[in-house]
Amino acid sequence: MMLSIRTQLLVLVGALLAVILGMQGVYLNLSKADLLSEQIGMRALSVAKTVAVIPELVNAFDDPDPAAIIQPIAERVRKETGAAYVVVGNREEIRYSHPVPERIGGRMVGDDNDPALIEGRSYVSLATGTLGEAMRGKTPVRNASGEIIGVVSVGFMLEKVSQDVGRYLYLGWLMIAGSVFMGLTGAVWLSAHFKRLILGLEPREIARLVNEKEAILQSIHEGIVAVNKEGHITLLNQSAKRTLGIRDDREYLGAPIDQLVPNSRLQEVLTQGEKQYDRELWVGDVPVVVNRIPIFNPQGGVDGAVSTFRSQKEIRELYTALKKVSADADLLREQAHEFSNRLYTISGLLQLNQIDEALAMIHQEGRAEQDEVRFVLQHLKNPVLGAMLLAKMNTARQKCVQFELDNNSSLEIDLNQQGQDVLMKVMSNLIDNAFDAAIERESVAARVRVFFTDLGDQVLIEVEDSGLGLQPDELAVITQQGYSTKEGNHQGIGLALIERYATMYSGNLYLEEGELGGACFVVTLEKSLICNSL
């Protein structure tokens, strides 16, 4: 069974702390024990040196009974210093003092007096005497002329030394045990605090949530961009990369958001900490609706922001398509009704035996439509644009608008897919606007005239109407996103989109006074950007 992250942290931190403090304690206490032992040895040697230079003791070596003078001096020093014994012997190692008086006059035990008696050195040794194993400080005794006449041995029993060292080390071990206990208590708190920070989740659960979050983010149709409190990008999902035209987001992660989307307005959210919902924004040539939400930390400060956006291009294209389908359905119903009336008329003429009049009526209807198709085929190489113009001719008949294609119009270039889409949207929007403007002016017959040409380096499209007209200086106003004189939703898009396309394809959008009395819009597009080859 796998242990929980809290238990793992507790065991890991506790064991690591116990091992480190234990090793450190062993090292320090061993060092301290060695130091204490060395200090006791130096203390024994210091006492021995002090005893060896006492004048009374040195002079007593010449007396008939040296022990009578030396024994009281040695015992007084032993008692004052706490030593186990202070033994003074002559060059033959015969004792003149001993804690046990009966042993005075006997030979010193340990066989470690030669360095003092022969070499004249002072030193510390470990040896076993009559009282047991001891740490002894030894030094020679010299007379007034500097000759070695004896030796002083001051000893501290090793058992007593060990007890003293153990007593000193006890406090150290007690402090180490207290430190280990405090460390384990801190480990318990740390593991509990860490568990709270990760919301009580286990690592495998966190990994699963991270994978789920990543899968959810990448599957969401809306684009998602997250930034930190400095305004640097921390996250981009697939939809956002697709909308922003990014293939590899690694070069943008950590970059300022204004570098990727200059008009993102996320800095406002970071500064003000206020949510923004359903705000319109253009990302390149794609209209989007944006939500911007700040990320707050537990203290109430802003730690970052998240922006979600959904493209309105697909929605509006779908709306346009549905609107066109609805208009086509209405047109088909009207045409069915109109053709039904004509069929009844032809049937009536045949019943009246007016065969010539019936044939003339049939030929007249077919000839007009054939002329339109023939003109489009001769002047437009692209079939999609031709079909769109034929549809606009049908729409014009439905709306009772006189639709005119200039006889000098011609578009023979081989359009690429992008150029075809751009021209279709530009021409369709201009013609639809012209229909609405012409119908709005009820005092004159509604007329719309279209001219297009690909002569020169640019494609030129000109659409004029018989409407009320516009002043050239109004162009900057009517091309603003969302501006429209029409009622209803999804208005104010066409001219803004046309101006964007004109700018993208190195062209221009102009507004002139038309010959029909209304407005005349002229659009130019760089031919090399919309053609497969020149």
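Conventions we followed
Residues numbered from 1 in each chain as written. Predicted model: local features only at pLDDT ≥ 70, side-chain atom pairs only at ≥ 80, totals over all residues. Heavy atoms only, no water. Helix = DSSP H or I, 4+ residues; strand = E, 2+ residues; numbered from the N terminus. Buried < 20%, exposed > 50% of the residue type's maximum accessible area, 1.4 Å probe, protein only. Contact = heavy atoms within 4.5 Å. Areas by Shrake-Rupley, 256 points an atom, 1.4 Å probe, with all protein chains shown as cover. Salt bridge = Lys/Arg side-chain N within 4 Å of Asp/Glu carboxyl O. Patch = residues over 30% accessible without salt bridge, like charges linked within 9 Å, V, L, I, M, F, W, Y side chains within 5 Å. Pairing = 2+ DSSP bridges. Axes fitted to C-alpha atoms, helices over the stretch in contact; angles between N-to-C directions. Polar contact = N/O pair within 3.5 Å; in protein donor to acceptor, adjacent residues only side chain to side chain. Expected span 1.5 Å × (residues − 1). Phe/Tyr/Trp six-rings, centres within 6.5 Å; stacked < 30°, edge-to-face > 60°. Parallel < 35°, antiparallel > 145°, perpendicular 65-115°, else oblique. Nonpolar A, V, L, I, M, F, W, Y, C, P; charged D, E, K, R; others polar.

1. Notes on the overall build of the protein chain
And then number 1: What the protein chain contains, in helices and strands, is 16 helices and 14 strands.
And then number 2: Counting over 534 residues, the protein chain shows a buried share of 40%.
And then number 3: Of the contacts formed within the protein chain by residues at least 6 apart in sequence, a portion of 57% connects residues at least 24 apart.
And then number 4: Accessible surface computed for the protein chain: about 30,400 Å², of which carbon and sulfur atoms make up 56%.

2. So, the pattern of salt bridges
And then number 1: Taken as a whole, this structure holds 10 salt bridges when the rule is applied.
And then number 2: Notably, a salt bridge pairs Asp432 with Lys392, separated by 2.7 Å at the nearest N-O pair. Taken as a pair, Asp432 in helix H13 (residues 417-440) and Lys392 in helix H12 (residues 383-398) lie far apart in primary sequence, 40 residues in all.
And then number 3: Across the salt bridge formed by Asp436 and Lys399, the nearest N and O atoms sit 4.0 Å from each other. With Asp436 in helix H13 and Lys399 in the loop between H12 and strand E10 (402-405), the pair connects residues that are 37 residues apart, well separated along the chain.
And then number 4: Residue class for Asp436 comes out partly exposed when judged on its relative accessible area of 31%.
And then number 5: Because the salt bridges share partners, they merge into one network encompassing Glu404, Arg447, Arg449, Glu464 and Glu515.

3. Description of a nonpolar patch on the surface
And then number 1: Among the surface-exposed residues, Leu350, Ile355 and Leu359 lie close enough to one another that they form a single nonpolar patch of about 260 Å² accessible area.
And then number 2: Its location among the elements puts Leu359 in helix H11 (residues 355-379).
And then number 3: A relative accessible area of 41% places Leu359 in the partly exposed class.

4. Comments concerning the sheet that holds strand E13 (residues 508-513)
And then number 1: One open sheet accounts for 5 strands, arranged E10-E11-E12-E14-E13; its pairing is mixed. Each edge of the open sheet carries a strand with a single partner, namely E10 and E13. Strand-to-strand twist across the sheet, computed as the mean angle between neighbouring axes with direction ignored, equals 15 degrees.
And then number 2: Pairing geometry for strand E12 (residues 458-465) and strand E14 (residues 519-526), over 7 bridges, is antiparallel. The partner of Leu460 across the bridge, within E14, is Thr524.
And then number 3: Packed onto the sheet, H12 meets E10 and strand E11 (447-453) and runs at close to 150 degrees relative to E10.

5. Description of the side chain of Thr453
And then number 1: The topology assignment puts Thr453 in strand E11.
And then number 2: Within the local environment of Thr453, its side chain forms a polar contact with the backbone nitrogen of Leu455, the two atoms lying 3.3 Å apart.
And then number 3: Apart from the residues lying within four places of it in its own chain, the contact partners of Thr453 are Ser410, Leu411, Gln458, Val459 and Leu460.

6. Overview of H12
And then number 1: Along its 16 residues, H12 runs 23 Å from first to last C-alpha, staying within 8% of the 22 Å computed at 1.5 Å per residue.
And then number 2: The N-cap residue of H12 is Asn382: its side-chain oxygen and the backbone nitrogen of Val384 are 3.0 Å apart.

7. Examining unusual backbone geometry
And then number 1: Located in the positive-phi region is Glu93, a residue other than glycine, with phi close to 65 degrees.
And then number 2: Summarising the element assignment, Glu93 is placed in the loop between strand E1 (85-90) and helix H4 (114-117).
And then number 3: With relative accessibility at 9%, the residue Glu93 sits in the buried group.
And then number 4: Phi is positive for Cys400, close to 60 degrees, though the residue is something other than glycine.

8. Here we look at the pairing of strand E6 (residues 233-236)
And then number 1: Pairing of strand E5 (residues 223-228) with E6, which is carried by 3 bridges, proceeds in the antiparallel orientation. The residue of E6 that forms the bridge with Val227 is Ile233.
And then number 2: In this antiparallel pair of consecutive strands, E5 and E6, the connection spans 4 residues, and Gly231 shows a positive phi of 85 degrees.

9. Focus on helix H3 (residues 66-81)
And then number 1: Across its 16 residues, H3 extends 22 Å between first and last C-alpha, which sits within 8% of the 22 Å expected from 1.5 Å per residue.
And then number 2: Among the residues of H3, Pro66, Ala67, Ile70, Gln71, Ile73, Ala74, Glu75, Val77, Arg78 and Thr81 are the ones counted as buried.
And then number 3: Positioned one or two residues after H3, Gly82 has a phi angle of 80 degrees, which is positive.

10. Quick notes on the sheet that holds strand E9 (residues 302-311)
And then number 1: Here we have 5 strands laid out as an open sheet, ordered E6-E5-E9-E8-E7, and antiparallel in their pairing. One side of each edge strand has no neighbouring strand; the edge strands of this open sheet are E6 and strand E7 (276-283). Direction aside, neighbouring strands of the sheet carry axes that sit 25 degrees apart on average.

11. Section: the packing of aromatic side chains
And then number 1: Taken as a whole and assessed by the stated rule, the structure comprises 2 aromatic pairs.
And then number 2: Between Phe403 and Phe435 the ring centres are 5.9 Å apart and the planes differ by 65 degrees, which places this aromatic pair in the edge-to-face class. With Phe403 in strand E10 and Phe435 in helix H13, this pair connects stretches of sequence that are 32 residues apart.

12. Considerations on the packing of H12 against H13
And then number 1: Contact geometry of H12 with H13 gives a least axis separation of 10 Å together with a crossing angle of 10 degrees. Classified by the angle between their axes, H12 and H13 sit roughly parallel to one another. Two secondary-structure elements touch here, H12 through Val384, Leu385, Met388, Leu389, Lys392, Thr395 and Ala396 and H13 through Gln420, Leu423, Met424, Met427, Ser428, Ile431, Asp432 and Phe435.
And then number 2: Residues belonging to the contact of H12 with H13 are distributed by class as follows: 10 nonpolar, 3 polar and 2 charged.

Worth remembering: the numbers are spatial, not functional.
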